[in-house]
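Per-entry structural report
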Amino acid sequence: MSLKDPITIFSTIKNHQNLIIFLLISIFALHELFFLITYNINFPHAEDFWHIMYIYEYIITGNLSYNDFISSFNGHIPLFPKLITFPYFYFNSFEIGNLYYLQWMIMSLSLYFIYLLLGKTNKTLFWTLVPISAFVYSPLITHGYYIIGTLQWQIPSLCAIILTYLFTKNINFKIFVAAIPLAILSTFTLIIGVVTWLPP
């Protein structure tokens, strides 16, 4: 292949488009993972304490009630984040830094379902995944902020993306049944999750 043949070069790039996109996204994802491993900050931020204090009180007093899980905080009912973090904190001595890895997995799943969604709607937009991943996997975005609060935003986002993908197919009973737990998960994670109940 000659460098003077731009049509051939363009054709080669187009033929390997998905591989190139995957490699670029992988660079950002691995960079973020390396950052997490190297600079793991094992300290809760201000709002995170609200999600931790009831577990501490349970260990001290032995009292745990249903209200500890469904109590409202700033208008949100973060039932599912508490169901995730309670056993995690309880059995891991309040180790918080490793929750960043859970964030990384949720972000990766979100990008994967965006990829599937674009494959069903407009494949020419695959390239947009590169700048999206550069933003999503940026350590400036994922660090220095409330870790549990960030999870509360990431979980409904993932649910909304999956629901959008599911409803690009022919809607049938199986898809409808699969959508209900996702909408419930989203609703009882963050108040904005109620929008997942709206018809597509």
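Please refer to the structure placed before this passage.
Throughout what follows, the structure given in this document is the object of discussion.

Calculation criteria
Residue indices begin from 1 for each chain and proceed along its sequence in written order. At least 70 in pLDDT is required for a residue's local features to be given in this predicted model, at least 80 for side-chain atom pairs to be given and counted, and no such filter applies to totals for whole chains, interfaces and linings, which use all residues. Remark: hydrogens and water are excluded; side-chain values derive from all non-hydrogen atoms of the structure. Here a strand is any run of E in DSSP of at least two residues, a helix any run of H or I of at least four, and the numbering for each starts at the N terminus. Accessible area is worked out with a 1.4 Å probe on protein chains only. A residue is then buried under 20% of its type maximum, exposed over 50%, and partly exposed in between. A contact between two residues is defined here by any heavy atoms of the two lying within 4.5 Å. Note on areas: these come from Shrake-Rupley sampling with a 1.4 Å probe, and a residue is covered only by the protein chains present in the view. Any pair of N or O atoms that falls within 3.5 Å is considered a polar contact. Within protein, one atom must be able to donate a hydrogen and the other to accept it, and sequence-neighbouring residues count only if both atoms are side-chain atoms. Think of a 1 Å grid over the protein atoms and nothing else: a 1.4 Å probe that fits but is trapped marks a cavity, an open set flanked by protein within 12 Å on at least five of seven lines marks a pocket, and residues with an atom within 4 Å of a point count as lining. Grid points are joined across faces, edges and corners, and a volume is the space filled by probe spheres set on the points. A helix is expected to span 1.5 Å multiplied by its residue count minus one. In this context, the arc is that of the directions from the helix axis out to the C-beta atoms. For the purposes of this section, nonpolar cores are sets of buried Ala, Val, Leu, Ile, Met, Phe, Trp, Tyr and Cys residues that join through side-chain atoms within 4.5 Å.

1. Regarding the overall build of the protein chain
- Within the protein chain one finds 10 helices and zero strands.
- The proportion of buried residues among the 200 residues of the protein chain is 36%.
- When contacts within the protein chain are restricted to residue pairs at least 6 apart in sequence, those whose partners lie at least 24 apart make up 70%.
- Accessible surface, the protein chain as shown: approximately 12000 Å² in total, 71% of it carbon and sulfur.

2. Description of the side chain of Gln154
- Among the secondary structure elements, Gln154 is positioned in helix 9 (residues 147–166).
- Assessed through its relative accessible area of 12%, Gln154 is described here as buried.
- Not counting residues up to four positions away in its chain, the partners in contact with Gln154 are Gln103, Ile106 and Met107.

3. Section: the environment of Tyr101
- Following the sequence through the fold, Tyr101 ends up in helix 6 (residues 99–121).
- The spacing of Tyr101 and Glu32 is 69 residues in sequence and 9.8 Å in space, taken between C-alpha atoms.
- If near-sequence neighbours (up to four positions away) are discounted, Tyr101 is found in contact with Leu33, Leu36, Ile37 and Asn40.

4. Section: the side chain of Thr187
- By the element assignment, Thr187 lies in helix 10 (residues 173–187).
- In this structure Thr187 comes out as buried when scored by relative accessible area, which is 15%.
- Side-chain polar atoms of Thr187 contact the backbone oxygen of Ala183, separated by 2.7 Å.
- Not counting chain neighbours up to four residues away, the residues in contact with Thr187 comprise Gly193, Val194, Thr196 and Trp197.

5. Quick look at the layout of surface pockets
- Roughly 320 Å³ of internal volume is contained in the second largest pocket.
- The wall of the second largest pocket is formed by 14 residues, among which Phe22, Ile25, Leu111, Tyr112 and Tyr115 lie closest to the centre.
- Contributions of two or more residues to the lining of the second largest pocket are made by helix 2 (17–38) and helix 6.

6. Notes on helix 10
- With 15 residues, helix 10 extends 21 Å from end C-alpha to end C-alpha; this agrees with the ideal 21 Å at 1.5 Å per step.
- Among the residues of helix 10, Ile175, Ala179, Leu182, Ala183, Ser186 and Thr187 are the ones counted as buried. Viewed end-on, helix 10 has its buried residues packed into an arc of 130°, placing them on one side of the element. The exposed residues of helix 10 that point more than 90 degrees off its buried face are Phe173 and Lys174.

7. Points about the nonpolar core
- Phe89, Leu99, Leu129 and Tyr137 are the most contacted members of the largest nonpolar core, which totals 25 residues.
- Put simply, the parts of the chain that give this core at least two residues each are helix 2, helix 3 (48–61), helix 5 (79–91), helix 6, helix 7 (129–136) and helix 9.
- With six residues, the top contributor of residues to this core is helix 6.
- Contact partners of Leu99, with chain neighbours within four places excluded, come to Thr85, Tyr88, Phe89, Ile147 and Ile148.

No statement about biological role is implied by the geometric values presented.
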